[in-house]
Amino acid sequence: MKIIEEVRGAKTIGIGGHIRPDGDCVGSVMGLYLYLKKALPDAQIDVYLEKPADIFRCIPDIDIIKSDFEKDIRTDKTYDVFFAMDCNAERLGAVEPLYEKADKRINIDHHISNTGCGSLNIIEPEKSSTCELLYELLEKEQIDEEIAKTLYIGIIHDTGVFKYSNTSPQTLQVAAELISFGFDFPRLIDETFYEKTYIQNQIMGRAVLESIRFLDGKCIVSMVDRKAMKFYQADPKDLDGIVNQLRIVKGVECAIFMYETAPMEYKVSMRSNGKVDVAEIAMKFGGGGHVRAAGCNMKGTYYDTINNLSVHIEEQLQ
Ligand code: AMP
Ligand code: MN
Ligand code: MN
(Lines give C-alpha, C1' and ligand atoms only; values in the text may rest on other atoms or scores of the structure.)
(Ligands and ions follow the chains in the order given, each with its own letter.)
Protein backbone atom coordinates (compact mmCIF):
# COMPACT_ATOMS: atom_id res chain seq x y z
CA MET A 1 0.00 0.00 0.00
CA LYS A 2 1.20 3.51 -0.80
CA ILE A 3 -0.19 6.68 0.72
CA ILE A 4 -0.42 8.42 -2.62
CA GLU A 5 -3.19 6.03 -3.70
CA GLU A 6 -5.25 7.04 -0.69
CA VAL A 7 -4.97 10.82 -1.09
CA ARG A 8 -5.33 11.21 -4.85
CA GLY A 9 -7.79 13.99 -5.63
CA ALA A 10 -7.82 15.33 -2.06
CA LYS A 11 -7.92 19.12 -1.95
CA THR A 12 -7.64 19.57 1.81
CA ILE A 13 -5.54 17.37 4.06
CA GLY A 14 -5.06 17.56 7.81
CA ILE A 15 -2.31 15.90 9.81
CA GLY A 16 -2.25 15.45 13.59
CA GLY A 17 -0.17 13.60 16.15
CA HIS A 18 -0.31 12.90 19.85
CA ILE A 19 -0.26 15.34 22.73
CA ARG A 20 3.20 15.96 24.18
CA PRO A 21 4.73 15.04 20.81
CA ASP A 22 7.98 13.06 20.90
CA GLY A 23 10.57 12.69 18.13
CA ASP A 24 8.68 9.94 16.32
CA CYS A 25 5.47 11.92 16.41
CA VAL A 26 7.05 15.15 15.15
CA GLY A 27 9.13 13.20 12.61
CA SER A 28 6.22 11.24 11.17
CA VAL A 29 3.87 14.24 11.07
CA MET A 30 6.47 16.46 9.38
CA GLY A 31 7.86 13.68 7.16
CA LEU A 32 4.34 13.08 5.87
CA TYR A 33 3.79 16.82 5.41
CA LEU A 34 7.02 17.30 3.42
CA TYR A 35 6.12 14.34 1.23
CA LEU A 36 2.52 15.41 0.57
CA LYS A 37 3.62 18.97 -0.19
CA LYS A 38 5.76 17.54 -3.00
CA ALA A 39 3.34 14.88 -4.18
CA LEU A 40 0.23 17.11 -4.14
CA PRO A 41 1.46 20.67 -4.76
CA ASP A 42 -2.09 22.03 -5.22
CA ALA A 43 -3.58 20.61 -2.03
CA GLN A 44 -3.99 22.59 1.16
CA ILE A 45 -2.19 20.72 3.92
CA ASP A 46 -2.57 21.72 7.57
CA VAL A 47 -0.54 20.28 10.41
CA TYR A 48 -1.94 20.43 13.95
CA LEU A 49 0.35 19.58 16.83
CA GLU A 50 1.28 20.84 20.27
CA LYS A 51 4.37 22.99 19.98
CA PRO A 52 7.36 20.66 19.46
CA ALA A 53 10.46 21.02 21.64
CA ASP A 54 13.20 23.36 20.39
CA ILE A 55 15.45 20.42 19.46
CA PHE A 56 13.11 19.79 16.52
CA ARG A 57 13.71 23.22 15.00
CA CYS A 58 16.14 21.54 12.59
CA ILE A 59 13.17 19.93 10.81
CA PRO A 60 12.37 21.73 7.54
CA ASP A 61 9.11 23.76 7.53
CA ILE A 62 8.54 23.11 11.25
CA ASP A 63 7.00 26.60 11.53
CA ILE A 64 3.97 25.61 9.46
CA ILE A 65 2.67 23.62 12.45
CA LYS A 66 -0.49 25.10 13.92
CA SER A 67 -0.15 24.83 17.68
CA ASP A 68 -2.68 27.46 18.61
CA PHE A 69 -5.49 25.72 16.81
CA GLU A 70 -8.54 26.03 19.03
CA LYS A 71 -9.95 28.64 16.63
CA ASP A 72 -9.66 26.32 13.61
CA ILE A 73 -11.59 23.66 15.46
CA ARG A 74 -14.57 25.89 16.00
CA THR A 75 -14.96 26.55 12.28
CA ASP A 76 -16.93 24.13 10.14
CA LYS A 77 -13.86 22.92 8.34
CA THR A 78 -14.14 19.39 6.99
CA TYR A 79 -10.99 17.90 5.54
CA ASP A 80 -11.05 15.49 2.62
CA VAL A 81 -8.42 13.40 4.38
CA PHE A 82 -7.08 13.59 7.93
CA PHE A 83 -4.11 11.61 9.26
CA ALA A 84 -3.61 10.59 12.90
CA MET A 85 0.07 9.75 13.31
CA ASP A 86 1.74 7.72 16.09
CA CYS A 87 -1.43 7.57 18.22
CA ASN A 88 -5.13 6.77 18.44
CA ALA A 89 -7.87 9.42 18.26
CA GLU A 90 -8.07 10.05 22.01
CA ARG A 91 -4.42 11.12 22.16
CA LEU A 92 -4.91 13.69 19.38
CA GLY A 93 -5.98 16.11 22.07
CA ALA A 94 -7.84 19.23 20.97
CA VAL A 95 -7.60 18.29 17.30
CA GLU A 96 -9.70 15.13 17.72
CA PRO A 97 -13.01 16.75 16.61
CA LEU A 98 -11.42 17.93 13.35
CA TYR A 99 -10.11 14.42 12.74
CA GLU A 100 -13.49 12.81 13.45
CA LYS A 101 -15.25 15.14 11.00
CA ALA A 102 -12.94 14.38 8.06
CA ASP A 103 -14.33 12.48 5.07
CA LYS A 104 -11.49 9.99 5.18
CA ARG A 105 -9.50 9.22 8.34
CA ILE A 106 -6.14 7.48 8.06
CA ASN A 107 -4.50 6.16 11.21
CA ILE A 108 -0.80 5.28 10.94
CA ASP A 109 0.78 3.93 14.11
CA HIS A 110 2.97 1.24 15.68
CA HIS A 111 1.47 1.09 19.18
CA ILE A 112 0.34 -2.37 20.16
CA SER A 113 -2.41 -0.79 22.27
CA ASN A 114 -3.97 0.98 19.28
CA THR A 115 -6.95 -0.86 17.80
CA GLY A 116 -7.30 1.66 14.97
CA CYS A 117 -9.40 4.81 14.82
CA GLY A 118 -9.51 5.48 11.09
CA SER A 119 -11.55 4.56 8.07
CA LEU A 120 -8.16 3.18 7.02
CA ASN A 121 -5.84 1.78 9.70
CA ILE A 122 -2.18 1.00 9.13
CA ILE A 123 -1.02 -0.25 12.51
CA GLU A 124 2.13 -2.34 12.63
CA PRO A 125 3.39 -3.00 16.17
CA GLU A 126 6.50 -4.79 14.90
CA LYS A 127 7.78 -1.50 13.48
CA SER A 128 10.23 0.42 15.68
CA SER A 129 8.52 3.70 14.99
CA THR A 130 5.82 5.37 12.97
CA CYS A 131 8.63 6.93 10.92
CA GLU A 132 9.94 3.49 9.92
CA LEU A 133 6.43 2.46 8.95
CA LEU A 134 5.79 5.69 7.04
CA TYR A 135 8.98 5.26 5.02
CA GLU A 136 7.55 2.13 3.46
CA LEU A 137 4.31 3.89 2.57
CA LEU A 138 6.04 6.61 0.52
CA GLU A 139 7.19 6.25 -3.05
CA LYS A 140 10.98 5.95 -2.93
CA GLU A 141 11.49 8.35 -5.87
CA GLN A 142 9.80 11.18 -3.97
CA ILE A 143 11.99 10.91 -0.87
CA ASP A 144 14.62 13.63 -0.65
CA GLU A 145 17.23 14.65 1.89
CA GLU A 146 14.78 16.74 3.94
CA ILE A 147 12.20 13.96 4.21
CA ALA A 148 14.94 11.40 4.94
CA LYS A 149 16.40 13.49 7.77
CA THR A 150 12.96 14.05 9.29
CA LEU A 151 12.09 10.33 9.29
CA TYR A 152 15.53 9.47 10.65
CA ILE A 153 14.90 11.70 13.68
CA GLY A 154 11.78 9.72 14.54
CA ILE A 155 13.58 6.39 14.24
CA ILE A 156 16.50 7.40 16.45
CA HIS A 157 14.16 8.77 19.10
CA ASP A 158 11.90 5.73 19.32
CA THR A 159 14.81 3.26 19.25
CA GLY A 160 17.09 5.22 21.61
CA VAL A 161 19.56 5.43 18.70
CA PHE A 162 19.08 1.78 17.60
CA LYS A 163 19.55 0.48 21.12
CA TYR A 164 16.08 -0.66 22.24
CA SER A 165 14.76 -4.10 21.40
CA ASN A 166 12.27 -2.63 18.92
CA THR A 167 15.25 -2.17 16.54
CA SER A 168 15.01 -4.85 13.84
CA PRO A 169 17.17 -5.65 10.81
CA GLN A 170 14.47 -3.84 8.85
CA THR A 171 14.89 -0.72 11.03
CA LEU A 172 18.60 -0.67 10.26
CA GLN A 173 17.89 -1.26 6.57
CA VAL A 174 15.58 1.75 6.48
CA ALA A 175 18.10 3.84 8.44
CA ALA A 176 20.84 2.81 5.98
CA GLU A 177 18.72 3.97 3.06
CA LEU A 178 17.93 7.23 4.85
CA ILE A 179 21.54 8.16 5.69
CA SER A 180 22.50 7.56 2.06
CA PHE A 181 20.86 10.94 1.39
CA GLY A 182 23.91 12.49 3.01
CA PHE A 183 22.59 14.60 5.91
CA ASP A 184 24.88 15.06 8.91
CA PHE A 185 23.48 12.23 11.03
CA PRO A 186 26.03 12.25 13.90
CA ARG A 187 25.22 15.88 14.51
CA LEU A 188 21.49 15.21 14.28
CA ILE A 189 21.80 12.43 16.88
CA ASP A 190 23.76 14.63 19.27
CA GLU A 191 21.62 17.71 18.87
CA THR A 192 18.22 16.05 19.02
CA PHE A 193 18.87 13.07 21.29
CA TYR A 194 21.86 13.33 23.61
CA GLU A 195 22.30 17.04 24.20
CA LYS A 196 20.69 18.37 27.39
CA THR A 197 20.28 21.90 28.63
CA TYR A 198 21.77 22.73 32.01
CA ILE A 199 18.28 22.70 33.52
CA GLN A 200 17.41 19.32 32.01
CA ASN A 201 20.59 17.84 33.43
CA GLN A 202 19.96 19.35 36.85
CA ILE A 203 16.40 18.10 37.10
CA MET A 204 17.45 14.65 35.91
CA GLY A 205 20.14 14.65 38.61
CA ARG A 206 17.58 15.48 41.20
CA ALA A 207 15.15 12.79 40.03
CA VAL A 208 17.95 10.21 40.05
CA LEU A 209 19.07 11.31 43.52
CA GLU A 210 15.56 10.98 44.91
CA SER A 211 14.74 7.67 43.22
CA ILE A 212 13.77 4.73 45.39
CA ARG A 213 13.94 1.02 44.70
CA PHE A 214 11.32 -1.52 45.77
CA LEU A 215 10.33 -5.14 45.02
CA ASP A 216 13.86 -6.27 45.95
CA GLY A 217 15.48 -3.68 43.73
CA LYS A 218 13.62 -4.91 40.65
CA CYS A 219 11.62 -1.72 40.49
CA ILE A 220 12.72 1.89 40.70
CA VAL A 221 10.59 5.00 40.90
CA SER A 222 11.08 8.74 41.00
CA MET A 223 8.84 11.75 40.74
CA VAL A 224 9.13 15.46 40.02
CA ASP A 225 6.40 17.63 41.50
CA ARG A 226 5.13 20.97 40.27
CA LYS A 227 7.11 22.83 42.90
CA ALA A 228 10.38 21.37 41.61
CA MET A 229 9.38 22.08 38.00
CA LYS A 230 8.73 25.68 38.96
CA PHE A 231 12.01 25.94 40.86
CA TYR A 232 14.00 24.75 37.84
CA GLN A 233 11.69 26.58 35.41
CA ALA A 234 11.34 23.25 33.67
CA ASP A 235 8.46 22.07 31.56
CA PRO A 236 7.44 18.47 30.73
CA LYS A 237 9.69 18.42 27.66
CA ASP A 238 12.67 18.87 29.99
CA LEU A 239 11.93 15.55 31.68
CA ASP A 240 12.53 13.32 28.65
CA GLY A 241 15.17 10.70 29.26
CA ILE A 242 14.82 10.52 33.04
CA VAL A 243 12.91 7.24 32.95
CA ASN A 244 15.59 5.69 30.74
CA GLN A 245 18.28 6.78 33.17
CA LEU A 246 16.36 4.95 35.91
CA ARG A 247 15.92 1.85 33.75
CA ILE A 248 19.67 1.25 33.35
CA VAL A 249 20.23 0.79 37.09
CA LYS A 250 21.70 -2.70 37.65
CA GLY A 251 19.09 -5.20 38.80
CA VAL A 252 16.13 -3.09 37.71
CA GLU A 253 13.41 -4.79 35.66
CA CYS A 254 10.93 -1.95 35.63
CA ALA A 255 11.45 1.81 35.96
CA ILE A 256 8.72 4.33 36.71
CA PHE A 257 9.03 8.06 36.39
CA MET A 258 6.18 10.44 36.99
CA TYR A 259 5.64 14.15 37.10
CA GLU A 260 2.80 16.04 38.68
CA THR A 261 0.41 17.62 36.17
CA ALA A 262 -2.15 18.94 38.71
CA PRO A 263 -2.64 18.38 42.46
CA MET A 264 -2.64 14.59 42.96
CA GLU A 265 -2.44 13.94 39.21
CA TYR A 266 0.56 12.41 37.50
CA LYS A 267 1.80 11.63 34.04
CA VAL A 268 3.42 8.23 34.45
CA SER A 269 6.15 6.78 32.22
CA MET A 270 7.22 3.16 32.53
CA ARG A 271 10.12 1.26 31.01
CA SER A 272 10.85 -2.46 31.19
CA ASN A 273 13.98 -4.49 30.62
CA GLY A 274 11.92 -7.37 29.28
CA LYS A 275 10.25 -9.30 32.09
CA VAL A 276 7.41 -6.86 32.67
CA ASP A 277 4.89 -5.91 29.97
CA VAL A 278 4.40 -2.25 30.84
CA ALA A 279 1.87 -1.67 28.03
CA GLU A 280 -0.46 -4.13 29.76
CA ILE A 281 -0.10 -2.25 33.05
CA ALA A 282 -0.53 1.18 31.44
CA MET A 283 -3.69 -0.03 29.70
CA LYS A 284 -5.21 -0.98 33.06
CA PHE A 285 -4.99 2.71 33.94
CA GLY A 286 -6.32 4.02 30.64
CA GLY A 287 -2.93 4.50 28.99
CA GLY A 288 -0.96 2.43 26.53
CA GLY A 289 2.25 2.10 24.61
CA HIS A 290 4.64 -0.76 23.96
CA VAL A 291 5.76 -3.83 25.89
CA ARG A 292 8.93 -2.08 27.07
CA ALA A 293 7.82 1.56 27.04
CA ALA A 294 4.40 2.75 28.05
CA GLY A 295 2.61 5.54 29.87
CA CYS A 296 -0.63 6.61 31.47
CA ASN A 297 -2.15 9.36 33.59
CA MET A 298 -3.04 8.58 37.20
CA LYS A 299 -4.78 10.27 40.09
CA GLY A 300 -4.11 9.99 43.81
CA THR A 301 -1.16 10.59 46.08
CA TYR A 302 2.33 9.68 44.91
CA TYR A 303 2.39 6.66 47.22
CA ASP A 304 -1.08 5.46 46.13
CA THR A 305 0.07 5.64 42.56
CA ILE A 306 3.19 3.60 43.28
CA ASN A 307 1.12 1.04 45.21
CA ASN A 308 -1.43 0.71 42.43
CA LEU A 309 1.29 0.11 39.85
CA SER A 310 3.41 -2.15 42.00
CA VAL A 311 0.59 -4.68 42.51
CA HIS A 312 0.58 -5.35 38.77
CA ILE A 313 4.35 -5.27 38.41
CA GLU A 314 4.78 -7.76 41.24
CA GLU A 315 2.15 -10.03 39.71
CA GLN A 316 4.05 -10.07 36.42
CA LEU A 317 7.42 -10.62 38.06
CA GLN A 318 6.16 -13.78 39.74
P1 AMP B 1 6.33 8.03 27.51
O2 AMP B 1 6.51 7.33 28.80
O3 AMP B 1 5.44 9.21 27.59
O4 AMP B 1 7.64 8.29 26.84
O5 AMP B 1 5.56 7.01 26.60
C6 AMP B 1 6.03 5.73 26.33
C7 AMP B 1 5.21 5.12 25.24
O8 AMP B 1 3.88 4.93 25.69
C9 AMP B 1 5.11 5.99 24.01
O10 AMP B 1 5.12 5.15 22.90
C11 AMP B 1 3.80 6.67 24.15
O12 AMP B 1 3.26 6.98 22.92
C13 AMP B 1 2.97 5.68 24.94
N14 AMP B 1 2.07 6.37 25.88
C15 AMP B 1 2.43 7.23 26.86
N16 AMP B 1 1.36 7.70 27.54
C17 AMP B 1 0.28 7.13 26.95
C18 AMP B 1 -1.13 7.21 27.19
N19 AMP B 1 -1.66 7.98 28.15
N20 AMP B 1 -1.95 6.48 26.38
C21 AMP B 1 -1.44 5.70 25.40
N22 AMP B 1 -0.12 5.57 25.15
C23 AMP B 1 0.74 6.27 25.89
MN1 MN C 1 5.18 8.86 20.16
MN1 MN D 1 6.29 6.14 18.12
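What counts and what doesn't
Residues numbered from 1 in each chain as written. Chains lettered and ligands numbered in written order. Predicted model: local features only at pLDDT ≥ 70, side-chain atom pairs only at ≥ 80, totals over all residues. Heavy atoms only, no water. Donors = N, O, S within 2.8 Å, 3.2 Å for Na, K, Ca; no water. Helix = DSSP H or I, 4+ residues; strand = E, 2+ residues; numbered from the N terminus. Buried < 20%, exposed > 50% of the residue type's maximum accessible area, 1.4 Å probe, protein only. Pairing = 2+ DSSP bridges. Contact = heavy atoms within 4.5 Å. Axes fitted to C-alpha atoms, helices over the stretch in contact; angles between N-to-C directions. Patch = residues over 30% accessible without salt bridge, like charges linked within 9 Å, V, L, I, M, F, W, Y side chains within 5 Å. Areas by Shrake-Rupley, 256 points an atom, 1.4 Å probe, with all protein chains shown as cover. Salt bridge = Lys/Arg side-chain N within 4 Å of Asp/Glu carboxyl O. Lys, Arg positive; Asp, Glu negative; His and termini not counted. Charge placed at Lys NZ, Arg CZ, Asp CG, Glu CD. Disulfide = S-S within 2.5 Å. Expected span 1.5 Å × (residues − 1). Arc of directions from axis to C-beta. Near = heavy atom within 4 Å. Polar contact = N/O pair within 3.5 Å; in protein donor to acceptor, adjacent residues only side chain to side chain. Nonpolar A, V, L, I, M, F, W, Y, C, P; charged D, E, K, R; others polar.

A. The arrangement of the coordination of the manganese ion (ligand 3) in detail. Taken together, the protein ligands of the manganese ion (ligand 3) are Asp24 (OD), Asp86 (OD), His110 (NE2) and Asp158 (OD), with distances of 2.1 to 2.3 Å. A distance of 3.6 Å spans the gap from the manganese ion (ligand 3) to the manganese ion (ligand 2), which Asp86 bridges by coordinating each metal. Here Asp24, found in helix H2 (residues 23–39), pairs with His110, found in the loop between strand S4 (104–109) and strand S5 (120–123); they are 86 residues apart in sequence, far enough to count as distant. Judged by its relative accessible area of 1%, His110 is buried.

B. Broad picture of the sheet that holds strand S7 (residues 219–224). Here we have six strands laid out as an open sheet, ordered S6-S7-S8-S9-S11-S10, and mixed in their pairing. Edge strands, defined here as strands with exactly one partner in the open sheet, are strand S6 (212–214) and strand S10 (288–289). When S6 meets S7, the two strands line up antiparallel, connected through three bridges. By the bridge assignment for S7, Arg213 is matched with Ile220. Where helix H13 (residues 302–317) meets the sheet, its contacts fall on S6, S7, strand S8 (254–262), strand S9 (265–272) and strand S11 (293–299), and the angle it forms with S8 comes to roughly 145°.

C. Structural view of the sheet that holds S4. Spatially, S2-S1-S3-S4-S5 is the arrangement adopted by the five strands of the open sheet, whose pairing is parallel. The open sheet has two free edges, formed respectively by strand S2 (44–48) and S5, since each of these has just one partner strand. Here the average twist between neighbouring strands, direction ignored, is 15°. As judged from the five bridges shared by strand S1 (residues 12–17) and S2, these two strands associate in the parallel manner. Looking at S2, one finds that Ile13 is bridged to Ile45. Sheet contacts for H2: S1, S2 and strand S3 (81–85); angle to S1, the most-contacted strand, approximately 165°. Across the face of the sheet, helix H5 (residues 130–137) comes into contact with S3, S4 and S5 while running at roughly 125° to S4.

D. Examining a negative patch on the surface more closely. Together, Asp216, Glu280, Glu314 and Glu315 make up a negatively charged patch on the protein surface. Among the structural elements, Glu315 can be located in helix H13. For Glu315, a relative accessible area of 54% translates into the label exposed.

E. Quick peek at the environment of His157. Residue position: His157 is located in helix H6 (residues 145–159). As for His157 and Ile189, which are separated by 32 residues in sequence, their C-alpha atoms are 8.8 Å apart. His157 has contacts with Gly23, Asp24, Ile55, Phe56, Tyr164, Thr192 and Phe193, leaving out every residue within four places of it along the chain.

F. Structural detail: the state of the cysteines. Under the definition given, this model contains zero disulfides. Between Cys87, a free cysteine, and Cys25, which holds the nearest cysteine sulfur, the sulfur-to-sulfur gap is 6.2 Å. By relative accessible area, Cys87 is classed as buried at 1%. Here Cys219 stays unpaired: no disulfide links it, and the sulfur of Cys254, its closest cysteine neighbor, is 4.2 Å away. Residue class for Cys219 comes out buried when judged on its relative accessible area of 0%.

G. Spatial organisation of helix H9 (residues 198–209). Helix length check: H9, at 12 residues, gives a terminal C-alpha distance of 16 Å against a target of 16 Å (1.5 Å per residue), a fit within 8%. Buried within H9 are the following residues: Gln200, Ile203, Met204 and Ala207. Projected down its long axis, H9 carries its buried residues within an arc of 105°, all on one side. Across H9 from its buried face, at more than 90 degrees, point the exposed residues Tyr198 and Leu209. In the core, the buried residues of H9 are packed alongside S7, helix H10 (226–231), helix H11 (242–247) and S8.

H. Highlighting the site of ligand 1. Around ligand 1, the structure places 14 residues, and the nearest of them are Arg91, His111, Lys267, Ser269 and Arg271. One nitrogen or oxygen atom from the side chain of Arg91 is found 2.9 Å from an oxygen atom belonging to ligand 1. Within the complex, the protein chains bury 83% of what would otherwise be the 470 Å² of accessible surface of ligand 1. Of all the elements, S11 adds the most residues to the shell around ligand 1, at five residues. Residues of the shell around ligand 1, tallied by class, amount to three nonpolar, eight polar and three charged.

I. Representation of the side chain of Asp86. One can find Asp86 in the loop between S3 and helix H4 (96–101). A distance of 3.2 Å separates the side chain of Asp86 from the side chain of His110, its partner in a polar contact. Engagement of the side chain of Asp86 in a polar contact is seen with the side chain of Thr130, the distance being 2.8 Å. Asp86 has contacts with His18, Asp22, Asp24, Cys25, Ser28, Arg91, Ile108, Asp109, His110, His111, Thr130 and Asp158, leaving out every residue within four places of it along the chain.

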